Amino acid sequence: MLVAKSTVTFHRSKAFKATNEEGILSMTTRDLLGSLLSGSILAGLLLWSGGIWTNSQAQPAAKPSNAIPDFSSNGRTWVLSSGTAFLKVPGDTGPGPIMDKNFPGSAFDQQRGGARAQNRIADTTNPILKPWAKKLMDIANARVAAGGIPFVDDSRCWLGGVPSILLFPGEAVVFLQTPKEVWILSKRDAEVRRIYLDVPHSKDPGYSWTGESVGHYENGDTLVVDTIGLDDQGPLDRYRTPHTRQLHVIERYHLNNGGKGIEITFTADDPGAFTMPWKGKVDFKAGTPPRSDHWEEDICADNGDGYGFDPDELVPAPHADKPEF
Amino acid sequence: MMPEMSGRERITRLVFRLRARSVAASALMVLAVTPFSTAVLAANTGAWPDISGKYWTSIYSAKIQPVGAGDPPYTAAAMATYKKNMAAVNANTLDDKARKVCTPDGVPRILESPYPFEIVQSPDRGEIHIIYELNHVIRLVAMNKPMPSADELETFPFYSGHSVGRWEGDTLVIETAGFNEKTFLDNSGAPHTDQLRTIERIRKIDGGKELEDIVTIHDPGVFTKDWSARFVYQARPDIRMMDYACGEKHRDLSSVKGVQGH
């Protein structure tokens, strides 16, 4: 277990306010008290980093209450274990994530015995959807019901967004943890997320597939990740749920089952696409170390049409018409 | 004239040829890396040098520059292939999937990328990740482990090969083998075979302001002798790594001298 010697606390009251439904992000209030490096925090991090990085003989201090959860050491890998649909968070009284019209109440894969789902039909009666989002999804539902094959971003070699990357199945996920940054690497097409620890969001993070993620640890067992700046290119799940650039996702990676599992719950807030913030979750289970023996290359573009189950007429795979340089 | 062979015989013969080539290549590899191999399993005691961070070149050249200038020491046949490839690059007809559908560049081509990269040293010291922005390539360097067997390298060839590393003083030494033959050695179409093997020596220079990577290239399939190239990158703690999606607009490369058409 990695050990921190100081407490790092975020307080965030109201980070974003949407100005319209067209995806213009307006950041009105940032209350990140305590997230900046105070003297005690800086000292704690320096002590921690010194112990880890420079002295092979260093012994960890007695475990304090603010221990940092260890998602990464001893070559640990993780794999999605809850199926490729978001689950409802236990105890959540809200409507929860978009689920399957034909298999309500549980992840599609689980209902189908783990079989890979291609022809899933979204339950668009979920009240989280704004009318335009529901309309788009109904159109896609009709195509799928008529025998069409749905778009899945990673199957076409596009980058996974947040939270859709949580649903990448099969291949290993690896965490790298350093005092200032956490990397989450997905073996599937070598995708990379970066979480900058204990810093506020940038004033102008721009927009990208994985957005800008900042994070902190809580309670010795949880990594909290706050992501904005997500472009609106891909759906955020395999029911083709759309989103806008106003999407704001807060994930909580909770280490459980004696370090053999991670429950990842998240809140998705997008006033452009949703009528209310909603919650969802997935579960990861620990893979078999060491990862250095398992990090086989898995290059999506190597497969020609990506992972092979989407028709070309829907969305072309990423390509450059001429060499970039 | 070759006698007629059944499909099974053809496959058997092909497998035998591949195995024989692999064994021969392995023997050459062993000879080539003997000075290093004895140290691979040595315990890594004492302080761990820190070369982690973000780096970005300020100079780009499509053609890899051997130390001492000139062309890589290609055999006559390989040089003919190289010239053909260079002509195809100029005509934009080269089947270069790294630039067209963004498969990994491989080593050493990725070393001349005009995009930044970052080195992440895992706290438990078991491995080092080198994460390149271009085509979001990840190289995992298993520290103080032996190179996978020749059979494994042949059975599972990768774009970026299989890498093992160790520290020699302040220098990270990375041996890489088990490449596929889908890549070029550089952006000018320099060819190689699956006998390619590289040894990189990476260290901080100029008081930590720069990172030096000297790569030695061994490929008896195309070269008459081993040769080296040197790359220098600036430490860039001021930048953040960005997403890279093929065909999309990416970061401004105007600060990198030599980049054309960007």
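Keep in mind that what you see is a predicted model, and the values were worked out from it rather than measured.

Quick notes on the rules
- The residue numbers shown here count from 1 along each chain, following its written sequence.
- Chains and ligands are labelled by the order in which they are written, letters from A for the one and numbers from 1 for the other.
- The predicted origin of the model limits local features to residues at a pLDDT of at least 70 and limits the giving and counting of side-chain atom pairs to 80 or more, whereas totals for whole chains, interfaces and linings rest on all residues.
- The exposure label follows from counting other C-beta atoms within 10 Å of a residue's C-beta, where the C-beta atoms are placed from the backbone and the thresholds are 20 or more for buried and 12 or fewer for exposed, leaving partly exposed in between.
- Only DSSP runs of H or I with at least four residues qualify as helices, and only runs of E with at least two residues qualify as strands; both kinds are numbered from the N terminus onward.
- A pair of strands is labelled paired if DSSP reports no fewer than 2 bridges between them.

Here we look at the pairing of strand S4 (residues 137-143) of chain B
Residue and element names in this part refer to chain B. For S4, the tally of buried residues reaches seven of seven residues, placing the bulk of the element in the interior. Of the two faces of S4, the one lined by Val 137, Arg 139, Val 141 and Met 143 and the one lined by Ile 138, Leu 140 and Ala 142 are each fully buried. Sheet topology note: the strand S3 (residues 127-132)/S4 ladder contains six bridges and is antiparallel. Within S4, the residue paired with Glu 127 across the bridge is Ala 142. What sits between the antiparallel neighbours S3 and S4 is a turn of four residues, in which Asn 135 has the positive phi angle 60°. Summarising the sheet, S4 and strand S5 (residues 162-168) pair through three bridges and their orientation is parallel. Within the sheet, the bridge partner assigned to Met 143 lies in S5 and is Gly 165.

Some thoughts on unusual backbone geometry
Residues Val162(A) and Pro163(A) are joined by a peptide bond in cis, for which omega reads 10°. Here Pro163(A) is to be found in the loop between helix H3 (131-145) and strand S4 (173-177). Cis geometry is adopted by the peptide bond preceding Pro108(B), which originates at Val107(B) and carries an omega value of 10°. Despite not being glycine, Asp189(A) shows a phi value in the positive range, around 60°. You can see Asp189(A) is positioned in the loop between strand S5 (181-186) and strand S6 (191-197). The phi angle at Cys102(B) is positive, at roughly 70°, despite the residue not being glycine. Relative to the assigned elements, Cys102(B) resides in the loop between helix H3 (97-100) and strand S2 (117-121).

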